[in-house]
Amino acid sequence: PEVIKISDYIKVNVDRGDEIYIINAWDNLYVLSDTIPATRPWLPHLSWYMEIPGIQDLIVSDLQLKPPKLIVQGEYKESGLGAYKPDKINDYIMKNYTQKDRINSYLIFEPK
């Protein structure tokens, strides 16, 4: 139910085919909301990918080049994979986006 609720929220707040960025949440939200990833190539939010040298820089560069209308961030956990917070990406989001809403454990950010 939570995934359906957030995908419905995304559908209402962006146009079909718009680019968004999903971090710390399941990537099926792109398909369920008829949106596409704002990064090329699309990279899953997995700590072992994010720690490859240059990956976070690549993602931030894509986000700067074409800022997505929405960033959907799963709330970070205290432990486990859901606790991993990629520093460079998080810094970019905090400096350039503001939290607009919260849907259960998902935070919704829009450009400042």
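Look above for the structure.
Some thoughts on the pattern of salt bridges
Working definition: two side chains of opposite charge can pair if their charged atoms are close together. One pass over the structure, following the stated rule, counts eight salt bridges. Glu-19 is the partner of Lys-66 in a salt bridge, and the nearest nitrogen-oxygen pair spans 3.8 Å. One end of the pair, Lys-66, is in the loop between helix H4 (55-65) and strand E3 (71-74); the other, Glu-19, is in strand E1 (residues 19-23), and 47 residues separate them in sequence.

Thoughts on the layout of surface pockets
Looking at the largest pocket, its volume works out to about 420 Å³. The wall of the largest pocket is formed by 17 residues, among which Asn-24, Ala-25, Trp-26, His-45 and Gly-82 lie closest to the centre.

Re a nonpolar patch on the surface
Taken together, Trp-48, Tyr-49, Ile-52 and Leu-81 make up a surface patch of nonpolar side chains, about 420 Å² in accessible area. Relative to the helices and strands, Trp-48 resides in helix H3 (residues 47-50).

Some remarks on the pairing of E1
Summarising burial for E1: five of the five residues are buried, a large majority. Residues of E1 alternate between two faces, with Glu-19, Tyr-21 and Ile-23 on one and Ile-20 and Ile-22 on the opposite face, all of them buried. Sheet analysis places E1 next to strand E2 (residues 36-37), joined by two bridges and oriented parallel. The residue of E2 that forms the bridge with Ile-20 is Pro-37. In terms of strand pairing, E1 meets E3 through three bridges, oriented parallel.

Digging into the environment of Ile-93
Summarising the element assignment, Ile-93 is placed in helix H5 (residues 87-96). Owing to a relative accessible area of 0%, Ile-93 belongs among the buried residues under this scheme. The sequence separation of Ile-93 and Lys-112 amounts to 19 residues, and the corresponding C-alpha distance is 9.9 Å. Sequence-distant contacts of Ile-93, that is, excluding residues within four places in its chain, are made with Ile-23, Ile-71 and Phe-109.

Brief notes about the environment of Ile-23
Within the fold, Ile-23 resides in strand E1. Looking at Ile-23, the relative accessible area reads 0%, which means it is buried. Separated by 62 residues in the primary sequence, Ile-23 and Lys-85 place their C-alpha atoms 9.2 Å from one another. Residues in contact with Ile-23, not counting those within four places in the same chain, are His-45, Ile-71, Val-72, Gln-73, Gly-74, Tyr-76, Pro-86, Ile-89 and Ile-93.

So, how was this worked out
- Residues numbered from 1 in each chain as written.
- Predicted model: local features only at pLDDT ≥ 70, side-chain atom pairs only at ≥ 80, totals over all residues.
- Heavy atoms only, no water.
- Salt bridge = Lys/Arg side-chain N within 4 Å of Asp/Glu carboxyl O.
- Helix = DSSP H or I, 4+ residues; strand = E, 2+ residues; numbered from the N terminus.
- 1 Å grid on protein atoms, 1.4 Å probe; cavity = no way out; pocket = protein on both sides within 12 Å on 5 of 7 lines; lining within 4 Å.
- Points joined across faces, edges and corners; volume = space filled by probe spheres on them.
- Patch = residues over 30% accessible without salt bridge, like charges linked within 9 Å, V, L, I, M, F, W, Y side chains within 5 Å.
- Areas by Shrake-Rupley, 256 points an atom, 1.4 Å probe, with all protein chains shown as cover.
- Buried < 20%, exposed > 50% of the residue type's maximum accessible area, 1.4 Å probe, protein only.
- Pairing = 2+ DSSP bridges.
- Contact = heavy atoms within 4.5 Å.

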